[in-house]
Amino acid sequence: MLAHVMPFSAERTCLNIEDFSLAYAGKSALHELTLSVPRHRVTAFIGPSGCGKSTLLRAINRLHDLNESVTHSGRITFEGEDIHADRMNVSELRRRIGMVFQTPNPFPMSIYENVAFGLRLQKRMKKRQRDDIIEWALTSAALWDEVKERLHKSAWQLSGGQQQRLVIARTLAVQPDILLLDEPASALDPISTLKIEELIRNLKSQLTLILVTHNMQQAARVSDYTAFLHSGELIEYGPTDQVFTNPRLRRTENYITGRMT
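Small disclaimer: the values here were computed from a predicted structure and weren't measured.

Trainee: Looking at this model, I keep getting lost on the overall build of the protein. Mind explaining?
Mentor: The number of helices and strands found in the protein is 10 helices and 10 strands. Against the compact-globule benchmark of 18 Å for 261 residues, the protein has a radius of gyration of 19 Å, which places it among compact chains. Along the first, second and third principal axes, the C-alpha set of the protein runs to 55 × 45 × 35 Å. Out of the 261 residues belonging to the protein, those deemed buried represent 54%. Once local pairs closer than 6 in sequence are excluded, the contacts in the protein between residues at least 24 apart make up 68%. Carbon together with sulfur atoms contributes 48% to the accessible area of the protein, which is approximately 12600 Å² in total. Side chains of the protein carry 32 positive and 29 negative charges; the gap between the two charge centres is 4 Å.

Trainee: Please explain the sheet that holds strand β1 (residues 13-24) as it appears in this structure.
Mentor: Backbone hydrogen bonds are what pair the strands of a sheet, in a parallel or an antiparallel way. Across the sheet, four strands lie side by side as β2-β1-β4-β5; this open sheet has antiparallel pairing. Of all strands in the sheet, those with a lone pairing partner are β2 (27-38) and β5 (81-82), marking the two edges. As paired elements, β1 and β2 share eight bridges and run antiparallel to each other. Bridge pairing links Tyr24 to Lys27 in β2.

Trainee: Where do I start with the layout of surface pockets in this structure?
Mentor: Vacant regions in the atomic arrangement are exposed by a probe of water-molecule size rolled over the atoms. Approximately 610 Å³ is the volume attributed to the largest pocket. Every residue lining the largest pocket is counted, 21 residues in all, and those nearest its centre are Arg94, Arg95, Gly98, Thr171 and Val174. Mapped by element, the contributors of at least two residues to the lining of the largest pocket are α2 (90-96), β6 (97-100), α3 (111-122) and α6 (160-172). In terms of residue class, the lining of the largest pocket is built from 10 nonpolar, seven polar and four charged.

Trainee: Could you clarify how one ought to interpret the nonpolar core in this entry?
Mentor: Nonpolar side chains tend to gather and get buried jointly when the protein is soluble and globular. Membership of the largest hydrophobic core comes to 37 residues, with the highest contact counts inside it found for Leu138 and Ile168. Mapped by element, the contributors of at least two residues to this core are α3, α4 (127-140), α5 (144-147), α6, β7 (178-182), α7 (190-203) and β8 (208-212). Not counting chain neighbours up to four residues away, the residues in contact with Ile168 comprise Val100, Ala141, Leu179, Leu181, Ile196, Leu199 and Leu203. If you look at the next biggest cluster of nonpolar residues, it comprises 34 residues, including Cys14, Ile17, Phe20 and Leu30.

Trainee: Can you help me understand the sheet that holds strand β9 (residues 225-230) in this one?
Mentor: On the basis of which strands lie adjacent, the open sheet formed by six strands has the order β6-β7-β8-β3-β9-β10 and mixed pairing. What marks the edges here is a single partner per strand, and that holds for β6 and β10 (233-239). Sheet twist, expressed as the average angle between the axes of neighbouring strands with direction ignored, equals 15°. Inspection of the sheet shows strand β3 (residues 42-46) paired to β9 by four bridges, in the parallel sense.

Trainee: Just to check I follow, could you spell out α6 for this structure?
Mentor: An α-helical segment advances 3.6 residues per turn. Residues three or four places apart therefore align on the same side. Relative to the 18 Å expected for 13 residues at 1.5 Å per residue, α6 spans 18 Å between its end C-alpha atoms, a close match to the ideal helical length. With 12 of its 13 residues buried, α6 lies for the most part within the structure. Packed against the buried residues of α6 are β6, α3, α4, α5, β7 and α7.

Trainee: Sorry, what's going on with the pairing of β7 here?
Mentor: By the criterion of burial, β7 is predominantly enclosed, with five of the five residues buried. Here β7 shows no split at all, with Ile178, Leu180 and Asp182 on one side and Leu179 and Leu181 on the other all buried. For β6 and β7, the ladder comprises four bridges, and the chain directions are parallel. Within β7, the residue paired with Gly98 across the bridge is Leu179. Strand direction decides the pairing type here: β7 and β8, joined by five bridges, are parallel. The residue of β8 that forms the bridge with Asp182 is Val212. Crossover handedness for the path β7 to α7 to β8: right-handed.

Rules behind the numbers
Residues numbered from 1 in each chain as written. Predicted model: local features only at pLDDT ≥ 70, side-chain atom pairs only at ≥ 80, totals over all residues. Heavy atoms only, no water. Helix = DSSP H or I, 4+ residues; strand = E, 2+ residues; numbered from the N terminus. Rg over C-alpha atoms; globule rule 2.2 N^0.38 Å. Buried < 20%, exposed > 50% of the residue type's maximum accessible area, 1.4 Å probe, protein only. Contact = heavy atoms within 4.5 Å. Areas by Shrake-Rupley, 256 points an atom, 1.4 Å probe, with all protein chains shown as cover. Lys, Arg positive; Asp, Glu negative; His and termini not counted. Charge placed at Lys NZ, Arg CZ, Asp CG, Glu CD. Pairing = 2+ DSSP bridges. 1 Å grid on protein atoms, 1.4 Å probe; cavity = no way out; pocket = protein on both sides within 12 Å on 5 of 7 lines; lining within 4 Å. Points joined across faces, edges and corners; volume = space filled by probe spheres on them. Nonpolar A, V, L, I, M, F, W, Y, C, P; charged D, E, K, R; others polar. Core = buried A, V, L, I, M, F, W, Y, C linked by side-chain atoms within 4.5 Å. Axes fitted to C-alpha atoms, helices over the stretch in contact; angles between N-to-C directions. Expected span 1.5 Å × (residues − 1). Right-handed = clockwise from strand over helix to strand, strands pointing away.

Listed below in structure tokens is the structure:
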């Protein structure tokens, strides 16, 4: 079997998954996954529906804690710290590892208050400082120019693509180290999808991104590294160009060429 740990130096990685398994009510969903995620790069998880992509993404910021039937073994370490250690502050972990879901979920409040939401929960700050962070987050999400004249209008008045970029801005405002993206463009039109893809490429200068996508062309366009999962197992992991043009394993080639679904 292919060695799954990429030969990244310790200072290049921000997240390490070691022999990690997860089950729902005793039914295996992930089986002994091992991989390292390099910082300031885009890593894509690809594979057929039900292969474990989103399950792994949710495990990285402990969303499975909300489900009592979930059990796990192995380790996930973030900046050298076991995310399941007793001393781990889960709220702080989820701030540092933000997540954007498939369907945009802006809050029923203004554009400004959506982005300010996490800032208000974190700490008191002067309005000028908060305004500067909100402008920075909306600019980073490629949305500022489109909304700067209507910051106090309802976020629900935005288009679907704008709402998704607003959610990304809301996540960026609290300055995460990692951004998890669970099929962020699957519900969007082609033009909005292209904007999200351009945003992903631009954001890696600021933070690390992990993208779950069913769209292999999208993974090829935006990611630096690609992990192929199937039936809860990691089949192949490597630089995106290598995985898509010269995969090491026949199973990977069969999936990418459509001979396996």
